[in-house]
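Close look at the chain arrangement
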Amino acid sequence: MSGTRLSGTRLSGTRLLAVSGSLRAASSNSTLLRALLGLVPPGTTTAVYDALAGLPHFNPDMDREGMSSPPPVAELRAAVGSAGAVLIVSPEYAHGVPGSLKNALDWLVSGAEMIDRPFAVVTASPLQVGGPYAHAQLRETLSTMSARVVADACREVAFVGNKVAVLDGVGVITDEAAREDLRNALTALLTSTD
Ligand SMILES: Cc1cc2nc3c(=O)[nH]c(=O)nc-3n(C[C@H](O)[C@H](O)[C@H](O)COP(=O)(O)O)c2cc1C
């Protein structure tokens, strides 16, 4: 378990659950995620699931019918299952999805938590394209798992290092055009849960 999974609010019944695909302490994706949570309308309950590193490697032998889930897996399933919508913000590694994030999704494959759950995929990169391979793969995987990928809420963010910053310990989107575009993306996700 990699520490807390809370972002100032309880996870159970969270309207918007956010997951970063990067485990890096100074992650630009995690900074972007925190900045995005700062854009949600007042009254929207949010939480960050940040326990990807504490999940066991997915093994179907540990997930047979009648078995109880490992506690970190049960917590992940409860967090997703009680969320009104889920926002994933992730880097791309070697033209793919970071392994720890894919591992979490694998644990969710057989459950009911994903079915028709609204998801947004935001991929971000310091390079000139915003992780298009990981972006497409995540959307394909989520759709295959019967999640509802909200197309209008998905974004590829290029040159992320020029668009986000940590100011006084708080993640902010410093690029105005990016901030407004991402605000629109969030609105599309949250509206889809109404
Ligand atoms: C193992 C590894 C593979 C990477 N592969 C890609 C890639 O395929 N595409 C890309 O845009 N960036 C790639 N990068 C660069 C990441 O986008 C960059 O390190 C980014 O800052 C990681 O996100 P983070 O700041 O949220 O941790 C890679 C980085 C690492 C460490």
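In the block above lies the structure referred to throughout.
In this report, the structure presented in the accompanying data block is examined. (Residues numbered from 1 in each chain as written. Predicted model: local features only at pLDDT ≥ 70, side-chain atom pairs only at ≥ 80, totals over all residues. Heavy atoms only, no water.)

**Let's talk about unusual backbone geometry**
- Positive phi, normally seen in glycine, also occurs at serine 146, with a value near 75 degrees.
- Note that serine 146 resides in the loop between helix 4 (132-144) and strand 5 (148-149).
- With relative accessibility at 38%, the residue serine 146 sits in the partly exposed group.
- Backbone geometry places phenylalanine 159, a non-glycine residue, at a positive phi of 50 degrees.
- Using a relative accessible area of 39% as the deciding quantity, one classes phenylalanine 159 as partly exposed. (Helix = DSSP H or I, 4+ residues; strand = E, 2+ residues; numbered from the N terminus. Buried < 20%, exposed > 50% of the residue type's maximum accessible area, 1.4 Å probe, protein only.)

**Concerning the environment of alanine 94**
- The topology assignment puts alanine 94 in the loop between strand 3 (85-90) and helix 3 (99-108).
- Taking the C-alpha atoms as reference, alanine 94 lies 9.6 Å from glycine 131; in sequence the two are 37 residues apart.

**Focus on helix 5 (residues 176-191)**
- With 16 residues, helix 5 extends 22 Å between its outermost C-alpha atoms, agreeing within 8% with the 22 Å of an ideal straight helix rising 1.5 Å per residue.
- Three or more residues of helix 5 are buried, namely Ala178, Leu182, Ala185, Leu186, Ala188, Leu189 and Leu190.
- Those residues of helix 5 hidden inside the fold are in contact with strand 1 (16-20), helix 1 (28-37), strand 3, strand 4 (118-124), strand 6 (155-157) and strand 8 (170-173). (Expected span 1.5 Å × (residues − 1). Contact = heavy atoms within 4.5 Å.)

**As for the pattern of salt bridges**
- Following the criterion strictly, the structure yields seven salt bridges and no others.
- We note a salt bridge from arginine 148 to aspartate 116, for which the minimum N-O separation is 3.1 Å. Here the residue arginine 148 occupies a position in strand 5, and aspartate 116 occupies one in the loop between helix 3 and strand 4, the gap between them amounting to 32 residues.
- By relative accessible area, arginine 148 is classed as partly exposed at 32%.
- Relative accessible area serves as the criterion here: at 46%, aspartate 116 is assigned to the partly exposed category. (Salt bridge = Lys/Arg side-chain N within 4 Å of Asp/Glu carboxyl O.)

**Thoughts on the pairing of strand 4**
- By the criterion of burial, strand 4 is predominantly enclosed, with seven of the seven residues buried.
- Burial along strand 4 is two-sided: Pro118, Ala120, Val122 and Ala124 and Phe119, Val121 and Thr123, pointing in opposite directions, are all buried.
- The pairing of strand 3 with strand 4 spans five bridges and is parallel. When the bridges of strand 4 are listed, leucine 87 appears paired with alanine 120.
- Handedness of the crossover is the feature at issue here: the chain leaves strand 3, passes through helix 3, returns alongside strand 4, and the resulting connection is right-handed.
- Two elements, strand 4 and strand 5, share two bridges in a ladder whose sense is parallel. Its bridge partner lying in strand 5, proline 118 is registered against arginine 148.
- Sheet analysis places strand 4 next to strand 6, joined by three bridges and oriented parallel. Pairing of threonine 123 across the sheet is with glutamate 156, part of strand 6. (Pairing = 2+ DSSP bridges. Right-handed = clockwise from strand over helix to strand, strands pointing away.)

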